[in-house]
Structure formats: structure tokens, C-alpha cells
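# Fold and contact review
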Amino acid sequence: MLKEFQEFISRGNVMDLAVGVIIGAAFGKIVDSLVNDIIMPIIGAIFGGLDFNNYFLPLSSAVNATSLAEAKRQGAVFAYGSFITVALNFIILAFIIFLMIKAVNDLRRRLEREKPVAPAAAPPADVALLTEISDLLARK
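Reading guide: rules and limits
- Residues numbered from 1 in each chain as written.
- Predicted model: local features only at pLDDT ≥ 70, side-chain atom pairs only at ≥ 80, totals over all residues.
- Heavy atoms only, no water.
- Helix = DSSP H or I, 4+ residues; strand = E, 2+ residues; numbered from the N terminus.
- Rg over C-alpha atoms; globule rule 2.2 N^0.38 Å.
- Buried < 20%, exposed > 50% of the residue type's maximum accessible area, 1.4 Å probe, protein only.
- Contact = heavy atoms within 4.5 Å.
- Areas by Shrake-Rupley, 256 points an atom, 1.4 Å probe, with all protein chains shown as cover.
- Patch = residues over 30% accessible without salt bridge, like charges linked within 9 Å, V, L, I, M, F, W, Y side chains within 5 Å.
- Salt bridge = Lys/Arg side-chain N within 4 Å of Asp/Glu carboxyl O.
- Phe/Tyr/Trp six-rings, centres within 6.5 Å; stacked < 30°, edge-to-face > 60°.
- pLDDT = per-residue confidence, 0-100.

As a further point, take the overall build of the protein. When its secondary structure is counted, the protein shows 5 helices and 2 strands. Going from the N terminus to the C terminus, the protein shows its helices and strands as α-α-β-α-β-α-α. For 140 residues, the compact-globule estimate of 2.2 N^0.38 gives 14 Å, and the protein exceeds it by more than 25% at 31 Å. With respect to the three principal axes, the spread of C-alpha positions in the protein is 105 × 45 × 25 Å. When the 140 residues of the protein are sorted by exposure, 13% land in the buried category. Residue pairs in contact within the protein that sit at least 24 positions apart in sequence constitute 40% of those at least 6 positions apart. For the protein, the exposed area adds up to about 11300 Å²; of that, 68% sits on carbon and sulfur atoms.

Here it is in C-alpha cells:
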């Protein structure tokens, strides 16, 4: 079992997957920052100048805080601003991945069109001779 695991790990696909996960995590942090630090403050300014992450509905009469962190300490809240931020983050990330895959597919198609068509290889001598004999017999 240990040998099979070693063979599995040593395959190139596993290493490619590991690199992809690491780069994906780093890219996810970039998208998080883009959404939380650039996009959501603009949306918050449009909707009244508040931090969009702090949009919530109290589910308890004991909640009277103005920030989400403080409201969560006071009781149950419906934090729709945080959800919208995460959903927007996902949509941006999915769109960027879509664009990357589309670019790679377009590049592959372009390379396939530009690839020169190799001429058909000449048949081996014995096959050519047998074809010639068959043609001669067919004429008689």
C-alpha cells in the first residue's frame, strides 16, 4: 500500500494539482482583497456610506448594535451583507477562471489550426509491392 501511495504521489498530475491549489489559494486572497477593499466600499458608498459587510437584520430584540461583530455578540443576526460580499467574491473568481479557461482553449484551437499537416507516410516496401501486384492482377 505504501508503494502504491508513493507511485500515486510521484505522478505528475498530483504535483500539478498541488501547484494549482496553492496558486488558487493565493489568487483567492487577491480576489478577496479586490472585493472587500475596492468593490464593496464603492457599493457601500452608493448605498449610504456604510461598510457593506455590516449590513444585517437582527433576529432578536436584544440586538441594537450598529456593527456586525458587536451585533453577533448581542444575539442572532441575519448577516446578508457578508453573504452578498462572499457571493460577489465567488462570481468574480468564477468569471476570472472562465476567462482563463477560454483563453487557453482559444490558444489550443489556434495552435491546432496552425499546425502543419504532415504528409501521409509512404507505405512499407512490402505493402507497396503487394498493392502493385494486386493492381496488375485486377487489370487482367
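So much for the structure itself; the text now carries on.
On the surface, Leu2, Phe5, Phe8, Ile9 and Met15 cluster together into a nonpolar patch covering about 510 Å² of accessible area. At 4 residues, the largest contribution of residues to the nonpolar patch is made by helix H1 (residues 2-10). Residue classification places Met15 among the partly exposed positions, given a relative accessible area of 45%.

Here the focus is the packing of aromatic side chains. Within the structure shown, the criterion is met by 3 aromatic pairs. Through successive ring pairs, a cluster of aromatic residues spans Tyr55, Phe78 and Tyr80.

By the element assignment, Thr85 lies in helix H4 (residues 80-114). The exposure class of Thr85 is buried, given its relative accessible area of 4%.

This part covers the confidence of the model for the protein. Looking at the protein, pLDDT values average 83 and 97% of them are 70 or higher. Strand S2 (residues 77-78) holds the highest mean pLDDT among the elements of the protein, 90, whereas H1 holds the lowest, 78.

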